[in-house]
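If you want the building blocks of each chain, they are given just below.
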Amino acid sequence: MKVLKFGGTSVGSAENIRKVREIVKSQGDDVIVVVSALGGITDMILNASKMAVLGTEYFNTEITGIKEKHEEVVEQLFEGEKKELVKEQVSVLLDELEKVIQGVSMIGELTPKTLDRIGGFGERLSSYIISEFIEDSKWIDSSKVIRTDSAFGKALVDFKVTNSLIQKAFEGFSGICVVPGFVSSNSVGEFTTLGRGGSDYTAAIFSAAMNVEVLEIWTDVDGFMTADPRVIRKAYTIKSLSYSEAMELSHFGAKVIYPPTILPVYQKGIPVQIKNTLNPDAEGTLITTSHPNGKDLPIKGISSISDISLVTVQGLGMVGVAGISMRLFGALAKENINVILISQASSENSISFAIDSSKAGIAEEAINTEFEREIAAQQISKIEIETGLSIVAIVGENMKHTTGIAGKLFNTIGKNGINIVAIAQGASELNISWVVKDSDLRKTLNVVHESFFLSENIEVNIFMLGIGLVGGNLLKQIEQQQEKLLKEKHLKLKLVGVANSRKMLLNRDGIAIDGFKDLLESEGVTSGLDIYKQAVIDMNIYNSVFVDCTASDDAAELYQDLLEANVSIVTANKVAASSEYDNYQNLKKIAKRKGVKFLFETNVGAGLPIINTLNDLVNAGDKILKIEAVLSGTLNFIFNTISADVPMSQTIKMAKEEGFSEPDPRIDLSGIDVVRKLLILVRESGYRIEKEDVLINKFIPDEFFNGSMDDFWNGISTLDADFEAKRQVLDAENKCWRFVAKYEDGKSEVGLQEIEQGHPFYDLQGSNNLVMFTTERYQEFPMIIKGYGAGAEVTAAGVFADIIRVSNI
């Protein structure tokens, strides 16, 4: 035998009731079917009662709605004589309901006893209709077999009498029986009700009394989910839970079952299966007494409760005083205030507890009354109430068998910039609960869900700034690699924000890369750097990375606020890392303190692994003694291309056209760009250095750097003849020009040098870069890194690699 319970949504329409009949008829076993009222009916009945007690006639509108709902369902389910018969019986019950409510209106009083009589009409109506619709089924009135005391509104079941009555009613039974949920009666036959979750409770009572094989609770979800699917789209159904796990998840917001209602089946060890009426083929969640095995994940699910307040009672007069907690929670109990979470300092000088925000004012008044003398004597110094909070809990019996759960949990939360207000954990290690701000709830749920591998994939949320040559190439590369990264590395790169100099486009669910430019133009909003920065911070998305593909000084000024908001930075922009040393250090310290990344590999050598290699050397204890490098792909291209047929002025134009140089090539020609790169390398080597400490040996006169771009292009050709004459001399001596950056013994300089054949710099082709690190471990043979050092495609590839580093895969 089975018990099947169908909730209000499951019986909310004629269409759903047809599905219920199909499910029941397919069982192939004896079945007791427990049903709730039609969806929304109980609320309508209670609203009508409340209106009636006020003496207004408005309750008639609700009564009319109740009648119409039931008449509509009967009209759609039945035909011919059967329809008329059912209509007649339904009308009898509806007329009885209307008379009781009219009586309430006349006397202007709604006692708990009357409310219990009224409250069960919805279940009596729905169960009768469904029993008539399911052929060959019988109907039993639960109120005749579930016996309670006379505490109307919160009646307690007399299980000894109830079990006897149910077993007698089902003696020799086979087939299908439909019973109303929620309703019961006392010893003199007066209606009582079973309180919140009453229909689940009815089902559990029948299941325990008949010692059934399984209790199936049919609802409108596939079962218990790993998290709220409205917040976490990657949440999935949990296949199995222990009773303890199910009760913990339900206590902290998973509204699948109401924990106290399944106590009768828990005591009998009867499994509970959660199923979806609208998706009956789904496996659902099986709740049993069995303990999880070692192969299970350490946590089964994440649950949360929003809109709670945290009340803190503090005072040195509480230390070592017996009975303080008893008085505190006794005062709250008198006001029917449910305490959801408790956290107490080991010194006993403070107790914090979480309650529903609607009860905060009543709680404060109750505490002030109870501890009036202690407050006056300043033994209790503070009663503080924090509002706008949420409780999050992770649940799983396997946590007790797994070390490091709490460390991993709080490290993940802290790394994403989420502040924890309070923490609680029971000695059973079944759950860990903590309190966060409401505004951090979505982010908290997402990072925890992902951290504990309830999500198969790691997700990185990308905010792009700058969609020119480098930015455009980067997005193209991400689009090409997205599928492979997801399949092979379980890494999901999601573009959630993109901005150019005029507009920004944001979408928490992701922006399609293949059409982002059109979307930015058509749906983007007018923006500026500060507006975009604030939008990124306000979205508060977990695993966020801000990718700067500009060369803007103003963009670099956004980094501090973004890092403080726990947003990682990946930048091709050299401004921040080559700014004042104190600013550079501050950004690195913030990133370390916040547990996020500040990565700028492409600042030197585009896509070459120069900075990462340098970091590895230093972190492994090596000391950098000397740096020699050709760091300007632009200048290397120019001096490799210059010839008798191609004068210097033309090579500069070619470098700009090929995308090697900055939009203003004078930045490259001045050596400033190389200075910035050398600064970064020296700083990453562990030395303090400012831009003013670097000697620049210019090869182009200062006047060419003044005036407009037109002035520059008009005048630069006047240097061609002189450079060609010098080039011919070098060529005859088998030498070449290289613009070299050098650091040694605390001295730094950049400038044009003549390089002899055989030197590593000599054969450097095209726009290639080369760096030589002489270290304590690499003295005789310096470490050399060589390759493409300029170009949008390789720079984008380097930025891409940094984004992947943010994910820690």
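For the structure itself, look to the data block above.
Enquirer: Quick question: what am I supposed to make of the overall build of the chain here?
Expert: Assigned secondary structure in the chain consists of 29 helices and 29 strands. What you see for the chain is a C-alpha radius of gyration of 37 Å, clearly larger than the 28 Å of a compact globule of 809 residues, by over 25%. Seen through its C-alpha atoms, the chain measures out along the principal axes to roughly 120 × 75 × 55 Å. Per-residue burial for the chain yields a buried fraction of 52% across its 809 residues. A separation of at least 24 residues holds for 72% of the contacts in the chain among residues at least 6 apart in sequence. Looking at the chain, you have 81 positive and 110 negative side-chain charges, and the mean spots of the two groups are 3 Å apart.

Enquirer: I tried to follow the packing of aromatic side chains on my own but got confused; where do I start?
Expert: The description of two aromatic rings rests on the distance between their centres and on the angle between their planes. Enumeration over the complete set of coordinates arrives at 18 aromatic pairs. With a centroid separation of 5.7 Å and 70 degrees between ring planes, the pair formed by Phe 329 and Phe 353 is classed as edge-to-face. Of the two residues, Phe 329 sits in helix α11 (residues 324-334) while Phe 353 sits in strand β13 (residues 350-356), which places them 24 residues apart along the sequence. For the pair Phe 723 and Trp 737, a centre-to-centre distance of 5.6 Å together with 70 degrees between the ring planes defines the contact as edge-to-face. With Phe 723 in helix α28 (residues 720-732) and Trp 737 in strand β26 (residues 735-744), this pair connects stretches of sequence that are 14 residues apart. Note on accessibility: Phe 723 and Trp 737 belong to one class, buried. Across the ring face of Phe 121, the terminal group of Arg 124 is positioned such that the distance to the ring centre comes to 4.7 Å. Above the ring of Tyr 584, the side-chain terminus of Arg 683 is found at 5.3 Å from the ring centroid.

Enquirer: Honestly, the sheet that holds strand β18 (residues 491-499) in this entry has me stumped. Any pointers?
Expert: Across a sheet, strands are paired by hydrogen bonds formed along the backbone, either parallel or antiparallel in direction. Read across the sheet, 7 strands follow the order β20-β19-β18-β17-β21-β22-β23 without closing on themselves; strand pairing throughout is mixed. The sheet is open, and its two edges are formed by β20 (525-526) and β23 (598-599), each paired on a single side. Strand direction decides the pairing type here: β18 and strand β19 (residues 503-506), joined by 3 bridges, are antiparallel. Pairing of Gly 497 across the sheet is with Leu 506, part of β19. Together, β17 (458-465), β18 and β21 (544-548) form the strand contacts of helix α16 (residues 469-489), whose direction differs from that of β18 by roughly 155 degrees. Packed on one face of the sheet, helix α29 (residues 792-807) meets β17, β18, β21, β22 (568-571) and β23 and runs near 165 degrees to β22.

Enquirer: Looking at this structure, I do not really get the side chain of Gln 273. What am I missing?
Expert: Along the chain, Gln 273 falls in strand β9 (residues 272-276). Dropping the residues within four chain positions of it, Gln 273 is found in contact with Val 214, Leu 215, Glu 216, Ile 217, Glu 283, Gly 284, Thr 285 and Leu 286.

Enquirer: How should I be thinking about the environment of Val 794 in this particular structure?
Expert: Structurally, Val 794 can be placed in helix α29. With 329 residues separating them in the primary sequence, Val 794 and Leu 465 have C-alpha atoms 18 Å apart. Every residue in contact with Val 794, bar those within four places of it in the chain, is listed here: Ala 606, Gly 607 and Tyr 788.

Enquirer: Is there a simple way to think about helix α14 (residues 405-415) in this case?
Expert: Those residues of α14 not exposed but buried are Ile 405, Leu 409, Thr 412 and Ile 413. Within α14, the buried residues cover an arc of 95 degrees as seen down the axis, which keeps them to one side. Residues of α14 that are buried in the fold lie against β14 (382-395), β16 (431-437) and α15 (441-451).

Enquirer: Is there a simple way to think about the environment of Ile 672 in this case?
Expert: Relative to the elements of secondary structure, Ile 672 occurs in helix α26 (residues 672-684). Spatially, the C-alpha atoms of Ile 672 and Val 694 are 9.9 Å apart, while their sequence positions differ by 22 residues. Other than its neighbours up to four places away in sequence, Ile 672 contacts Ile 667 and Ile 696.

Enquirer: Honestly, the pattern of salt bridges in this entry has me stumped. Any pointers?
Expert: Pairs can form between side chains of opposite charge once their charged atoms are near each other. Under the definition given, this model contains 34 salt bridges. Between Lys 494 and Glu 459 there is a salt bridge, with its nearest N and O atoms 3.1 Å apart. Residue Lys 494 is found in strand β18, and its partner Glu 459 is found in strand β17; the two are separated by 35 residues along the sequence. By relative accessible area, Lys 494 is classed as buried at 13%. One salt bridge connects Lys 533 with Asp 561, and the closest N-O pair in it is separated by 2.7 Å. Here Lys 533, found in helix α18 (residues 529-539), pairs with Asp 561, found in helix α20 (residues 559-564); they are 28 residues apart in sequence, far enough to count as distant. A relative accessible area of 11% means that Lys 533 is categorised as buried. It is possible to trace a salt-bridge network through shared partners that takes in Arg 21, Lys 25 and Glu 135.

About the cut-offs
Residues numbered from 1 in each chain as written. Predicted model: local features only at pLDDT ≥ 70, side-chain atom pairs only at ≥ 80, totals over all residues. Heavy atoms only, no water. Helix = DSSP H or I, 4+ residues; strand = E, 2+ residues; numbered from the N terminus. Rg over C-alpha atoms; globule rule 2.2 N^0.38 Å. Buried < 20%, exposed > 50% of the residue type's maximum accessible area, 1.4 Å probe, protein only. Contact = heavy atoms within 4.5 Å. Lys, Arg positive; Asp, Glu negative; His and termini not counted. Charge placed at Lys NZ, Arg CZ, Asp CG, Glu CD. Phe/Tyr/Trp six-rings, centres within 6.5 Å; stacked < 30°, edge-to-face > 60°. Lys NZ or Arg CZ within 6 Å of the ring centre and 35° of its normal. Pairing = 2+ DSSP bridges. Axes fitted to C-alpha atoms, helices over the stretch in contact; angles between N-to-C directions. Arc of directions from axis to C-beta. Salt bridge = Lys/Arg side-chain N within 4 Å of Asp/Glu carboxyl O.

Function cannot be read off these values alone, since they describe shape.
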